[in-house]
Amino acid sequence: MVTTGEQARKIGQAETFSLASYLQERAAIVEEALDRSLPIGDPAKIYEAMRYSLLAGGKRLRPILCLASCELSGGSIEMALPTACALEMIHTMSLIHDDLPAMDNDDYRRGKLTNHKVFGEDIAILAGDGLLAYAFEYVATRTRGVPPLQIIDVLARLGRTVGAAGLVGGQVLDLESEGKPDISAETLSFIHTLKTGALLETSVVSGAILAGASPEDIDRLTRYAKNIGLAFQIVDDVLDITATTEELGKTAGKDLQAQKATYPSLWGIEGSMSRARELVEEAIERLSVYGPAAEPLRAIARYIVSRKN
Ligand SMILES: C=C(C)CCOP(=O)(O)OP(=O)(O)O
Ligand SMILES: [Mg+2]
Ligand SMILES: [Mg+2]
């Protein structure tokens, strides 16, 4: 059974749960923790490059999911905050590297020039490496109030998530699929699941593990997370076509330009959105046993399909 965290209970019982204020409040907690997590060291240049991208804004969805799932599972924000920061460090690394000329070659990210445009390709590669390594150090050295075996479990899952069995593997397949718009829906879902879904899934699951959730709860939350992970990337591909560069904070229309295999290239915009909505509805059904305490996770799932950036 799930022990409901005090905060999750309060939020769940509120008559009108406001996602906007919830996201704003949680993003502020994450923002402050990220700022504190990485002071400028020596050599200053690399720390500046790492901080430039880590603190460039963004929705902070992965850390917010981790905190929400930890609270739903009876844990506290404090327990999950180092892991939440680490998830954002890893995500930021993936964006810095994804934007490099050798990969997607993008000039803008989060409304600012990309890391390599400001610091050069050499430093951008190293800034990504630095963030990735620091993420693991940060979880290992800063997590408090959690049994060591649970911390090790989180570290192992982070490693698997970011490696060839996860994000890195997905990025390889994404690059290899360029110029092959006839790719199968199964292959495309597999690419999405690895390059984007894996980290979103680990964001949710790591929060539950830190809180000591039961295997049944971890299984339920994993199913929820797999669905929202895939839905997230489908919507990301749709937004690349329907949103403006200004809204996205990154150059719109890049997928078409690079002849990426995407959901809209296979199913069209409406077909893709209805698949994303279906996945989100299924994700929400998985949470029915939790009652009002899971309202934040339900609202985030809906937001994934309604978001504008
Ligand atoms: C998944 C990772 C690691 C980076 C972003 O993927 P995409 O290349 O599909 O997305 P944007 O650059 O459009 O954000
Ligand atoms: Mg890419
Ligand atoms: Mg990209």
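Residues numbered from 1 in each chain as written. Chains lettered and ligands numbered in written order. Predicted model: local features only at pLDDT ≥ 70, side-chain atom pairs only at ≥ 80, totals over all residues. Heavy atoms only, no water.

As annotated in an unreviewed UniProt entry, the protein carries the name dimethylallyltranstransferase and comes from Pannus brasiliensis CCIBt3594. In its Cofactor (unreviewed entry) section, UniProt records this for the protein: "Mg(2+)". According to its UniProt record, the protein has this under Pathway (unreviewed entry): "Isoprenoid biosynthesis; geranyl diphosphate biosynthesis; geranyl diphosphate from dimethylallyl diphosphate and isopentenyl diphosphate: step 1/1." (UniProt positions renumbered as here; feature names shortened; annotations may be inferred.)

**Student:** What is the right way to look at the layout of surface pockets in this model?
**Tutor:** Take a probe with the size of a water molecule and roll it over the atoms, and the empty space left behind shows itself. Taken as a whole, the largest pocket spans an internal volume of roughly 920 Å³. Contributions of two or more residues to the lining of the largest pocket are made by helix H4 (61-72), helix H5 (77-98), helix H9 (167-176), helix H10 (185-210), helix H11 (215-242), helix H12 (245-248) and helix H13 (254-257). Among the elements that take part in the lining of the largest pocket, H11 stands out by supplying six residues, more than any other. When grouped by side-chain class, the residues that make up the lining of the largest pocket number 10 nonpolar, 12 polar and 20 charged. (1 Å grid on protein atoms, 1.4 Å probe; cavity = no way out; pocket = protein on both sides within 12 Å on 5 of 7 lines; lining within 4 Å. Points joined across faces, edges and corners; volume = space filled by probe spheres on them. Helix = DSSP H or I, 4+ residues; strand = E, 2+ residues; numbered from the N terminus. Nonpolar A, V, L, I, M, F, W, Y, C, P; charged D, E, K, R; others polar.)

**Student:** Explain the coordination of the magnesium ion (ligand 3) here, please?
**Tutor:** Ideal geometry at a metal centre: 109.5 degrees between donors when four sit tetrahedrally, and 90 or 180 degrees when six sit octahedrally. Donor atoms from the polypeptide that coordinate the magnesium ion (ligand 3) comprise Asp98 (OD) and Asp104 (OD), at 2.1 to 2.2 Å from the metal. Separating the magnesium ion (ligand 3) and the magnesium ion (ligand 2) is a distance of 3.2 Å, and Asp98 donates to both of them. The class of Asp98 is buried, set by a relative accessible area of 12%. (Donors = N, O, S within 2.8 Å, 3.2 Å for Na, K, Ca; no water. Buried < 20%, exposed > 50% of the residue type's maximum accessible area, 1.4 Å probe, protein only.)

**Student:** Help me understand the environment of Ile29 in this model?
**Tutor:** Inspection of the secondary structure puts Ile29 in helix H2 (residues 19-37). Judged by its relative accessible area of 25%, Ile29 is partly exposed. In contact with Ile29, not counting residues within four places along its chain, are Ile77 and Leu81. (Contact = heavy atoms within 4.5 Å.)

**Student:** I'm lost on the site of ligand 1 in this one. Help?
**Tutor:** The environment of ligand 1 is made up of Ser94, Asp98, Asp104, Arg109, Leu167, Gln171, Lys195, Thr196, Gln233, Asp236 and Lys250. One of the side-chain nitrogen or oxygen atoms of Arg109 is found 2.7 Å away from an oxygen atom of ligand 1. Between Lys250 and ligand 1, the recorded distance is 2.5 Å, taken from a side-chain N or O atom to an oxygen atom. Here ligand 1, which alone exposes 380 Å², has 90% of that area covered by the protein. Most atoms of ligand 1, that is more than half of them, are within 2 Å of grid points of the largest pocket. (Near = heavy atom within 4 Å. Polar contact = N/O pair within 3.5 Å; in protein donor to acceptor, adjacent residues only side chain to side chain. Areas by Shrake-Rupley, 256 points an atom, 1.4 Å probe, with all protein chains shown as cover. Sits in = over half its atoms within 2 Å of the grid points.)

**Student:** Would you mind showing me how to read the packing of aromatic side chains here?
**Tutor:** Both the distance between ring centres and the angle between the ring planes are used here to describe each pair of aromatic rings. Under the counting rule described, the total for this entry stands at three aromatic pairs. Both rings, one in Phe17 and one in Tyr22, keep their centres 5.4 Å apart while their planes meet at 55°; by these two values the pair is tilted. On the basis of relative accessible area, Tyr22 is assigned to the buried category, the value being 4%. Note on Tyr52 and Phe119: the rings are 5.4 Å apart at their centroids and 70° apart in plane angle, and the pair reads as edge-to-face. Of the two residues, Tyr52 is situated in helix H3 (residues 44-54) and Phe119 in helix H6 (residues 115-119); the sequence distance between them amounts to 67 residues. Here the basic side chain of Arg307 rests over the ring of Phe232, its NZ or CZ set 3.8 Å away from the ring centre. (Phe/Tyr/Trp six-rings, centres within 6.5 Å; stacked < 30°, edge-to-face > 60°. Lys NZ or Arg CZ within 6 Å of the ring centre and 35° of its normal.)

**Student:** Just checking my understanding: could you explain helix H8 (residues 148-162) for this structure?
**Tutor:** Think of an α-helix as turning once every 3.6 residues; residues three or four places apart then point the same way. With 15 residues, H8 should cover 21 Å at 1.5 Å per step; its first-to-last C-alpha distance of 21 Å lies within 8% of that length. Check the buried side of H8 and you find it contacts H5, helix H7 (121-142), H9 and H10. (Expected span 1.5 Å × (residues − 1).)

**Student:** Can you help me understand a nonpolar patch on the surface in this one?
**Tutor:** A grouping of Tyr108, Leu113 and Val118 is seen on the molecular surface, where their side chains present a nonpolar patch of about 240 Å² in accessible area. Structurally, the position occupied by Val118 is in helix H6. (Patch = residues over 30% accessible without salt bridge, like charges linked within 9 Å, V, L, I, M, F, W, Y side chains within 5 Å. Salt bridge = Lys/Arg side-chain N within 4 Å of Asp/Glu carboxyl O.)

**Student:** Sorry, what's going on with the nonpolar core here?
**Tutor:** In a soluble, globular protein the nonpolar side chains are often hidden away together inside. In terms of nonpolar packing, the biggest core is built from 93 residues, with Leu65, Met89, Leu131, Leu221, Tyr224, Leu297 and Ile300 touching the most fellow members. When near neighbours in sequence (up to four residues on either side) are disregarded, Leu221 contacts Ser69, Leu72, Ser73, Val204, Ala208, Leu287, Tyr290 and Leu297. (Core = buried A, V, L, I, M, F, W, Y, C linked by side-chain atoms within 4.5 Å.)

**Student:** When you look at empty space enclosed by the protein in this model, what are you seeing that I'm missing?
**Tutor:** Using the criterion set out here, one finds two cavities of 30 Å³ or more in the structure. Estimates place the volume of the largest cavity at around 100 Å³. The wall of the largest cavity is formed by 13 residues, among which Ser53, Ile96, Arg109, Arg110 and Asn115 lie closest to the centre. Taken together, the elements giving at least two residues each to the lining of the largest cavity come down to H3, H5 and strand S2 (112-113). Top contributing element to the lining of the largest cavity by residue count: H5, with three residues. When the residues that make up the lining of the largest cavity are grouped by side-chain class, the tally is five nonpolar, four polar and four charged.

**Student:** Before we go on, may I ask you to explain unusual backbone geometry in this structure?
**Tutor:** As a rule of thumb, non-glycine residues mostly have phi less than zero, and peptide bonds are mostly trans rather than cis. Residues Asp42 and Pro43 are joined by a peptide bond in cis, for which omega reads 5°. Along the chain, the position of Pro43 falls in the loop between H2 and H3. With phi around 60°, Arg60 is a residue other than glycine that occupies positive phi space. Residue position: Arg60 is located in the loop between H3 and H4.

**Student:** Explain the side chain of Lys260 to me, please; I cannot follow it from the model alone.
**Tutor:** When you line up the elements, Lys260 lands in the loop between H13 and helix H14 (263-285). Exposure remark for Lys260: the relative accessible area of 9% places this residue in the buried category. Filtering out sequence-adjacent residues up to four positions away, Lys260 remains in contact with Asp104, Asp174, Leu175, Glu178, Asp255 and Ser265.

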